[in-house]
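Listed here are the chains, written in short residue letters.
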Amino acid sequence: MSQTQDCPHEVCSTLPLLTAQMSTEREYDCIVIGAGVQGSFTAYQLAKNNKKTLLLEQFVLPHTRGSSHGQTRIIRKAYTQDFYTHMMEECYVLWAQLEREAGVKLYRQTGLLVMGPENSNNYQLIRNTLQRNKIPMMTLTHDNFSQHIPQMKLAKGYEAVVDITAGVLYADRALSTIQGQFQRLGGIIKDKEMVTDIKPGPVVTVSTNAGVYRAKSVVITAGPWANKMLAHTGLQLPLEVVKINVCYWKEKVPGTYNVKQRFPCFILTEGEESNEDIYGLPSNEYPGLVKICYHMGSKTNPDQRDMQTDRSDIDILQCFIHRCLPGLIPEPAVVEHCMYTLTPDRHFVLDCHPNYRNIVIGAGFSGHGFKFGPVIGKLLCELSLGQEPSYDLSPFQIRRFQAQTKSVL
Ligand SMILES: Cc1cc2nc3c(=O)[nH]c(=O)nc-3n(C[C@H](O)[C@H](O)[C@H](O)COP(=O)(O)OP(=O)(O)OC[C@H]3O[C@@H](n4cnc5c(N)ncnc54)[C@H](O)[C@@H]3O)c2cc1C
Ligand SMILES: O=C(O)[C@@H]1CCCCN1
């Protein structure tokens, strides 16, 4: 008879089994920190590659405290640089694949109107990228603008082009879909678990408010909290977190700016109101309200986002709406909040930690990362598996910040 069977206490006989079970529950091939769009797509890709993956999220899901919430995001190929346009080619394919796989609609084509003053460098760069890459596009002139987009005015001295395959991504739905697909592949999500420590090593130890986990690799996709997480690894990146006022404007005649009226998404670049872009999407989340925002906000601490109350962006938006969108009441009807995590050059960070190759970082999505989620997930998965990345990652490497990167060790 074995010792355990002889033991009068039932707990003694089950203890070795329980301990073994507990340790496998706490050991993973990869742990992904942060279940925003980038972490969720990364976890999904890892699970697809048969890796035992844990996705940790500090808040109860779904939540509205980071950067990935809200019903809509713009998807487009219109960029100033070719490398984004090239990545977007594959993103469209992967978004469509996800739609088929999960049986949900995540994308609606609306077109994206890009406007800018004739002498705007950004406008010309975007237009050239579209042309060079043979992206379906249409140039609008002052003569035919109102025929195509009667709800909007093109100011004198401005030019306009439409990125035809651009549109809207249903963001909240996309996030819950990818998390669901990850779980269907056997992935584990633990929400309401805040990571409190990361101990680098050949096996990385991740502590949360609820437990301690170990993994061969860790991916940090903590959005506005990236530097807080990286501090545990001795690294600080030059990231700035800003709070965006997400403003909704009421239509004077309900339905005027609806997709059914063929109102497109739009971006005004280097307009007369300011140097930063102004952008909008056709009414969707609230009947009769159109989302129009300023592509910048004030510096904030992600844990105290709601303490920051600067509304100077709203003055800028009011001037623009007054000037170009006569069918809207130039007073915001609803203001919600979201955060950008900005890098100095507004390009992403997709790289391995400079000191620990099994810690991978996806950060600094600078207010334009959602549409790239499927490809970013793939790239961060490749980095964490030590594979050759599918794209040239030099624009996204940490070493570009050399002078601004701090070691906190
Ligand atoms: C108003 C607005 C409009 C935008 N418009 C567009 C658009 O039109 N098109 C587009 O492509 N992109 C757009 N973006 C950008 C895009 O939404 C972001 O780039 C993207 O959501 C960033 O995702 P993320 O996963 O990096 O960050 P997040 O979504 O913030 O995810 C990070 C997650 O990490 C979690 N976390 C942090 N610390 C911890 C911890 N210690 N333990 C556990 N979990 C932790 C957080 O709670 C959070 O859930 C917009 C962003 C905003 C704010
Ligand atoms: O990523 C995007 O497509 C948009 C463009 C306008 C600013 C916010 N982000």
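Since this is a predicted model, take the numbers as computed values, not measurements. (Residues numbered from 1 in each chain as written. Chains lettered and ligands numbered in written order. Predicted model: local features only at pLDDT ≥ 70, side-chain atom pairs only at ≥ 80, totals over all residues. Heavy atoms only, no water.)

**Quick notes on the packing of helix 3 (residues 37–48) against helix 10 (residues 373–384)**
In the contact formed by helix 3 and helix 10, the axes pass within 7 Å of each other and the chain directions differ by 55°. The pairing of helix 3 with helix 10 is recorded here as oblique in orientation. Of the two elements, helix 3 crosses helix 10, and the hand of that crossing is right-handed. Contacts between helix 3 and helix 10 pair Val37, Gln38, Phe41, Thr42, Gln45 and Leu46 from the former with Gly373, Pro374, Ile376, Gly377, Lys378, Leu380, Cys381 and Ser384 from the latter. For the contact of helix 3 with helix 10, the per-class residue count stands at 7 nonpolar, 6 polar and 1 charged. (Axes fitted to C-alpha atoms, helices over the stretch in contact; angles between N-to-C directions. Helix = DSSP H or I, 4+ residues; strand = E, 2+ residues; numbered from the N terminus. Parallel < 35°, antiparallel > 145°, perpendicular 65-115°, else oblique. Left-handed = near helix turned anticlockwise from the far one by under 90°. Contact = heavy atoms within 4.5 Å. Nonpolar A, V, L, I, M, F, W, Y, C, P; charged D, E, K, R; others polar.)

**Thoughts on the UniProt feature "domain: FAD dependent oxidoreductase" (unreviewed entry) in the protein chain**
With numbering matched to this structure, UniProt assigns "domain: FAD dependent oxidoreductase" (unreviewed entry) to residues 29–383. Between the first and last C-alpha atoms of residues 29–383 the distance is 13 Å; the span itself is 26% helix and 32% strand. (UniProt positions renumbered as here; feature names shortened; annotations may be inferred.)

**Let's talk about the site of ligand 2**
Taken together, the neighbourhood of ligand 2 is formed by Ile74, Arg76, Ile267, Tyr279, His295, Tyr340, Gly367, His368 and Lys371. A distance of 2.6 Å separates an oxygen atom of ligand 2 from a polar side-chain atom of Arg76. Lys371 places a side-chain nitrogen or oxygen 2.5 Å from an oxygen atom of ligand 2. Protein contact buries 92% of the 260 Å² of open area that ligand 2 shows by itself. Here the residues of the shell around ligand 2 sort into 4 nonpolar, 3 polar and 2 charged. Among the domains, domain 1 (26–108 + 167–239 + 343–399) and domain 2 (112–164 + 240–342) are the pair contributing at least three residues each to the shell around ligand 2. (Near = heavy atom within 4 Å. Polar contact = N/O pair within 3.5 Å; in protein donor to acceptor, adjacent residues only side chain to side chain. Areas by Shrake-Rupley, 256 points an atom, 1.4 Å probe, with all protein chains shown as cover. Domains from an automatic or database assignment.)

**Points about the side chain of Thr110**
Mapped onto the secondary structure, Thr110 falls in the loop between strand 4 (107–109) and strand 5 (112–117). What makes Thr110 buried here is its relative accessible area of 16%. Sequence-distant contacts of Thr110, that is, excluding residues within four places in its chain, are made with Ala166, Gly167, Val168, Val259, Phe263, Pro264, Cys265 and Pro282. (Buried < 20%, exposed > 50% of the residue type's maximum accessible area, 1.4 Å probe, protein only.)

**Details of the domain arrangement of the protein chain**
For the protein chain, the domain assignment lists domain 1 (26–108 + 167–239 + 343–399) and domain 2 (112–164 + 240–342). Here the C-alpha centre of domain 2 lies 27 Å away from the C-alpha centre of domain 1. Listed by partner, the interface residues are 36 residues for domain 1 and 37 residues for domain 2. Taking both sides of the interface into account, the surface hidden between domain 1 and domain 2 amounts to around 2,900 Å²; carbon and sulfur atoms contribute 55%. The largest share of the area that domain 1 buries against domain 2 comes from Arg65, Ile74 and Thr80, three residues that together contribute 19% of it. Applying the counting rule to domain 1 against domain 2 returns 3 salt bridges. Between Arg65 and Asp306 there is a salt bridge whose closest N-O contact spans 3.1 Å. Inspection of the domain 1/domain 2 interface yields 17 residue pairs in polar contact (both at pLDDT 80 or more). Taken together, the elements giving at least two residues each to the side of domain 1 that touches domain 2 come down to strand 3 (72–75), helix 4 (82–102) and strand 8 (167–170). (Buried area = accessible area lost by both parts, 1.4 Å probe. Salt bridge = Lys/Arg side-chain N within 4 Å of Asp/Glu carboxyl O.)

**Re a positive patch on the surface**
A grouping of Lys105, Arg108, Arg173 and Lys260 is seen on the molecular surface, where their side chains present a positively charged patch. Here Lys105 lies in the loop between helix 4 and strand 4. Using a relative accessible area of 46% as the deciding quantity, one classes Lys105 as partly exposed. (Patch = residues over 30% accessible without salt bridge, like charges linked within 9 Å, V, L, I, M, F, W, Y side chains within 5 Å. Lys, Arg positive; Asp, Glu negative; His and termini not counted. Charge placed at Lys NZ, Arg CZ, Asp CG, Glu CD.)

**So, the site of ligand 1**
In the region of ligand 1, 36 residues are neighbours, and Glu57, His63, Ser68, Ile74 and Cys338 sit closest. At 3.3 Å, a backbone N or O of Gly367 approaches a nitrogen atom of ligand 1. About the coverage of ligand 1: the protein hides 96% of its 1,000 Å² of free accessible area. Looking at the shell around ligand 1, the elements with two or more residues in it are helix 3, strand 3, strand 14 (240–251) and strand 19 (328–342). For the shell around ligand 1, the element with the highest residue contribution is strand 19, accounting for 3 residues. Partitioned by chemical class, the residues of the shell around ligand 1 number 19 nonpolar, 13 polar and 4 charged.

**Overview of the state of the cysteines**
As enumerated under the stated definition, the model contains 0 disulfides in all. Unpaired in this structure, Cys319 has its nearest cysteine sulfur neighbour in Cys324, at a distance of 11 Å. On the basis of relative accessibility, which here comes to 47%, the residue Cys319 falls in the partly exposed class. (Disulfide = S-S within 2.5 Å.)

**A look at the environment of Arg132**
Relative to the assigned elements, Arg132 resides in helix 5 (residues 121–132). Here Arg132 falls in the partly exposed class, since its relative accessible area comes to 48%. As for Arg132 and Glu270, which are separated by 138 residues in sequence, their C-alpha atoms are 22 Å apart.

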